[in-house]
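# Structural overview for review
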Amino acid sequence: MGAFKLEGNVFDHIKQDIIKVGDKLEFKATNGDMTDFNINDVKSDYKVISVIPSIDTSVCYTQTVKFNKDIKDYPHARLITISRDLPFAQERSCESFRDKDHCLVSDYNYRDFGNKTGLVFNATQILPRAVLILDKDNIVQYIEVVNPVGNEPDYNKVYEFLKNHA
């Protein structure tokens, strides 16, 4: 089998049946201290889930820093960043800038998020770059699967959604 590269059309590398607006999403993951994270425990009008392939890449790091900084302008929203990195790597990479309300979680152990959303690269089992917004009942209200994966998400569309739903 040849080496897999994160390039080209994302949709050629993930399941065709992915989560959609209107679907309910419940999942568990792992916090940085290795305790369980459950999306149902996050109480907020909106939950912005920033999905990244790996915090150790420049685009993923930039996405995480930018959302961490800008989400403060939307007090009715809570930021959750998820990848399949080990929690130790996530914590190490984000300790210098991470806001206390920013949930940084890993799907490495349970793989619940990727399996339930269909947002997993078939060849590598890592998550593609995406942004989901859930309402207080965990119903998907917004989704962007970034294509190609090397691009950043459309931050302005996320902020516009949050501004219009304040």
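One structure accompanies this document, and this report is about it. (Residues numbered from 1 in each chain as written. Predicted model: local features only at pLDDT ≥ 70, side-chain atom pairs only at ≥ 80, totals over all residues. Heavy atoms only, no water.)

Here the focus is the packing of aromatic side chains. Per the counting criterion, the structure on display carries 8 aromatic pairs. A ring pair is formed by Tyr61 and Phe97, whose centres lie 5.5 Å apart and whose planes are at 90°; its orientation type is edge-to-face. Here Tyr61 is found in helix H1 (residues 58-70), whereas its partner Phe97 is found in the loop between helix H2 (87-94) and strand S5 (103-106), with 36 residues between them in sequence. Members of the aromatic cluster, each reached through a chain of ring pairs, are Phe67, Tyr74, Tyr155 and Tyr159. Taking the ring centre of Tyr110 as reference, the NZ or CZ of Lys28 above it sits at 4.1 Å. Of note, Lys66 hangs over the ring of Tyr155, and the distance from its end group to the ring centre comes to 5.2 Å. (Phe/Tyr/Trp six-rings, centres within 6.5 Å; stacked < 30°, edge-to-face > 60°. Helix = DSSP H or I, 4+ residues; strand = E, 2+ residues; numbered from the N terminus. Lys NZ or Arg CZ within 6 Å of the ring centre and 35° of its normal.)

Moving on to the side chain of Ser83. Considering the arrangement of structural elements, one finds Ser83 in strand S4 (residues 77-83). What makes Ser83 buried here is its relative accessible area of 0%. Beyond its immediate sequence surroundings of up to four residues, Ser83 is in contact with Ile52, Pro53, Gln90, Val105, Ser106, Asp107, Tyr108 and Leu127. (Buried < 20%, exposed > 50% of the residue type's maximum accessible area, 1.4 Å probe, protein only. Contact = heavy atoms within 4.5 Å.)

With 6 of 7 residues buried, S4 is to be regarded as a mostly interior element. Read as a crossover between parallel neighbours, the route from strand S3 (residues 46-51) over H1 to S4 is right-handed. In this fold, the crossover linking S4 to S5 by way of H2 has right-handed handedness. (Right-handed = clockwise from strand over helix to strand, strands pointing away.)

A separate point is H2. Buried within H2 are the following residues: Pro87, Ala89, Gln90, Ser93 and Cys94. In a view along the axis of H2, the buried residues occupy a sector of 160°, so they form one face of it. Away from its buried face by more than 90 degrees, H2 exposes Phe88 and Arg92. At its buried positions, H2 is contacted by strand S1 (28-30), H1, S4 and S5. (Arc of directions from axis to C-beta.)

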